[in-house]
Amino acid sequence: MSTIKSSSEDLTLNADGSNDIKFQSNGVEKASISSAGAFTSTTIDATKLTGEKRNFIIDGDFTQWPEGTAAATHAGSYYPALKTGLSGHDGTATWERSTDVPTQAASGHQSAYSLLMKCTGTDATIGAAQQIGWRGFITGNDFASLHQQEFTYSFWAKTSAQNSGHNYNIAFANSAWDRTWVQTFSPTSTWTKFTFTLTGDTVGTFLFTEADRGLQVVMTLAAGTDRDDGTEGAWVAGSERWASSGTAISNFLDHTSNEFYFTQEQLVLGSVSPDFTSPPIATVRDQVGYYVEKFGPITGNLGLAVGKEANTNLADGIVYFNSPKRNDSYTVDFGTVSDWLILYNTTSTICTAITTNGTWKTHLTVRATATGTPFTGGNCTMVAQSANSPSMLVDARH
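These remarks concern the structure in this document. Keep in mind that this is a model prediction, so the values were computed, not measured.

1. Section: the sheet that holds strand S8 (residues 131–139)
Next, step 1: Spatially, S5-S8-S13-S10-S11-S14 is the arrangement adopted by the six strands of the open sheet, whose pairing is antiparallel. Either end of the sheet is taken by a strand with one partner, and the two such strands are strand S5 (84–88) and strand S14 (235–237). The sheet shows a mean angle of 30 degrees between the axes of neighbouring strands, direction not considered.
Next, step 2: Here strand S11 (residues 179–185) pairs with S14 via three bridges, running antiparallel. Across the sheet, the residue bridging to tryptophan 181 is tryptophan 235, located in S14.

2. Quick word on the pairing of strand S9 (residues 150–159)
Next, step 1: Among the ten residues that make up S9, nine are buried, leaving the element largely enclosed by the rest of the structure.
Next, step 2: Relative to strand S12 (residues 192–199), S9 is paired through eight bridges, and the arrangement is antiparallel. Each bridged residue has a counterpart across the sheet, and for tryptophan 156 the counterpart in S12 is lysine 193.
Next, step 3: As judged from the eight bridges shared by S9 and strand S15 (residues 259–269), these two strands associate in the antiparallel manner. Residue pairing in the sheet places threonine 159 in a bridge with phenylalanine 260 of S15.

3. Focus: the pairing of strand S23 (residues 380–385)
For a regular strand, side-chain orientation follows a simple rule: the groups alternate between the two sheet faces.
Next, step 1: For strand S17 (residues 303–309) and S23, the ladder comprises five bridges, and the chain directions are antiparallel. Within the sheet, the bridge partner assigned to glycine 303 lies in S23 and is alanine 384.
Next, step 2: Relative to S23, strand S20 (residues 340–344) is paired through five bridges, and the arrangement is antiparallel. When the sheet's bridge partners are listed, leucine 341 is paired in S23 with alanine 384.

4. What about empty space enclosed by the protein?
Think of a ball as big as a water molecule: rolled over the atoms, this probe shows where empty space is left.
Next, step 1: Per the stated rule, a full pass over the model turns up one cavity of 30 Å³ or more.
Next, step 2: The calculated volume of the largest cavity comes to roughly 230 Å³.
Next, step 3: If you go around the largest cavity, you meet 20 residues; those closest to its centre are Ile58, Leu82, Lys83, Gly136 and Phe137.
Next, step 4: With four residues, S8 is the largest single contributor of residues to the lining of the largest cavity.
Next, step 5: Broken down by class, the residue content of the lining of the largest cavity amounts to twelve nonpolar, four polar and four charged.

5. Structural notes on the environment of glycine 233
Next, step 1: Residue placement: glycine 233 occurs in the loop between strand S13 (213–223) and S14.
Next, step 2: The residues contacting glycine 233, other than those within four sequence positions of it, are Trp181, Val182 and Gln183.

6. Overview of the sheet that holds S15
Next, step 1: Spatially, S4-S6-S7-S15-S9-S12 is the arrangement adopted by the six strands of the open sheet, whose pairing is antiparallel. Edge strands, defined here as strands with exactly one partner in the open sheet, are strand S4 (72–73) and S12.
Next, step 2: Direction of pairing for strand S6 (residues 92–98) relative to strand S7 (residues 114–121): antiparallel, over a ladder of seven bridges. The residue of S7 that forms the bridge with tryptophan 95 is methionine 117.

7. Considerations on the nonpolar core
Next, step 1: One finds Tyr153, Phe172, Leu215, Phe260 and Leu267 to be the most contacted residues of the largest nonpolar core, which totals 41 residues.
Next, step 2: The leading source of residues in this core is S13, at five residues.
Next, step 3: By size, the runner-up hydrophobic cluster in this structure holds 23 residues, among which are Phe321, Ile354, Leu364 and Val366.

8. Quick look at a nonpolar patch on the surface
Next, step 1: On the surface, Leu13, Phe23 and Ile33 cluster together into a nonpolar patch covering about 240 Å² of accessible area.
Next, step 2: Residue placement: isoleucine 33 occurs in strand S2 (residues 28–33).
Next, step 3: For isoleucine 33, a relative accessible area of 31% puts it in the partly exposed group.

9. Quick word on the environment of threonine 365
Next, step 1: Within the secondary structure, threonine 365 sits in strand S22 (residues 363–370).
Next, step 2: Given the relative accessible area of 17%, threonine 365 is considered buried.
Next, step 3: Between the C-alpha atom of threonine 365 and that of glutamate 265, which follows or precedes it by 100 residues, the distance is 36 Å.
Next, step 4: Excluding residues that lie within four positions of it along the chain, threonine 365 makes contacts with Gly317, Ile318, Thr355, Thr356, Asn357, Gly358 and Trp360.

Definitions and cut-offs
Residues numbered from 1 in each chain as written. Predicted model: local features only at pLDDT ≥ 70, side-chain atom pairs only at ≥ 80, totals over all residues. Heavy atoms only, no water. Pairing = 2+ DSSP bridges. Helix = DSSP H or I, 4+ residues; strand = E, 2+ residues; numbered from the N terminus. Axes fitted to C-alpha atoms, helices over the stretch in contact; angles between N-to-C directions. Buried < 20%, exposed > 50% of the residue type's maximum accessible area, 1.4 Å probe, protein only. 1 Å grid on protein atoms, 1.4 Å probe; cavity = no way out; pocket = protein on both sides within 12 Å on 5 of 7 lines; lining within 4 Å. Points joined across faces, edges and corners; volume = space filled by probe spheres on them. Nonpolar A, V, L, I, M, F, W, Y, C, P; charged D, E, K, R; others polar. Contact = heavy atoms within 4.5 Å. Core = buried A, V, L, I, M, F, W, Y, C linked by side-chain atoms within 4.5 Å. Patch = residues over 30% accessible without salt bridge, like charges linked within 9 Å, V, L, I, M, F, W, Y side chains within 5 Å. Areas by Shrake-Rupley, 256 points an atom, 1.4 Å probe, with all protein chains shown as cover. Salt bridge = Lys/Arg side-chain N within 4 Å of Asp/Glu carboxyl O.

Right under this line is the structure:
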């Protein structure tokens, strides 16, 4: 055995000029350091040494579905916690939670769920202004770490046998929809990982505060010619979904057997896409809860808000959130008003109206209106459920 060592001073290995320093064993190269300082090895996975592990996509494993998990009509609203539909066409589609996921052996991660879209009614010809897909957002202050930086976006996807080989498009856009980057990908009926590396736009206006949409991440499964002026792999002006100068986009709505599965969504700094990893589920719930939180369904005689009689027919109560919200201007949906009761003394009354009486990032106050004028004012009350098990949705999403 031969040893090179320096016990009392620096050890310098010098390859003059542009030559590399090479490490060999039995005449076989095992590693090298280039003149630019890049280290390569046949035994060390270099992808573990580069790139940043932080995933800027929240809940890329699709674990949180506050509005439900069964098939729902795809429209211009949220259904998975942090995806909102892009819809405007003459067909119909649904989206839902699926347990069809990539294998751990293939992806390096064991997912429980994927997002599944199905075509349920055809539109054989997509009009110029029409589209179908979805988008998610990276909030402005999170996006600040990505602005004008190289980043890598990846996901796993598959289709049914019917639309295997279709061409769909991923796009990135600023909040104003006047700068867009597009690229085609072609999923098949076998789970496949797709990876895109790009550098953030240096021309357009991007926003960086908690109130702003910093970056839009857009999935397009069909779009008309009003949105075809993109350039594949480049930032351009305008609100584009695909590039007519490149690969033509397919029509997800051309057959009712078409399906699209999507999971393990990830966006990291750098040029390397590591295997998908997810934070602990408690962290994911807090991250999603920053944007949206559901209370209920309220069952088993559980109350929503404890408070007091404000006068003879109004009851006020307070609800504290599990996670602080992105803002205090969120919307609150109580569902069917008559599903809520006001408990007082030893009896109850059905609500005729229920709304918020104050909103803060950490809590809100509920104001419920009773049937008639049963209260004397000042006594303790509880806003609670009827047998129909209502829920309250607090929505601070973009």
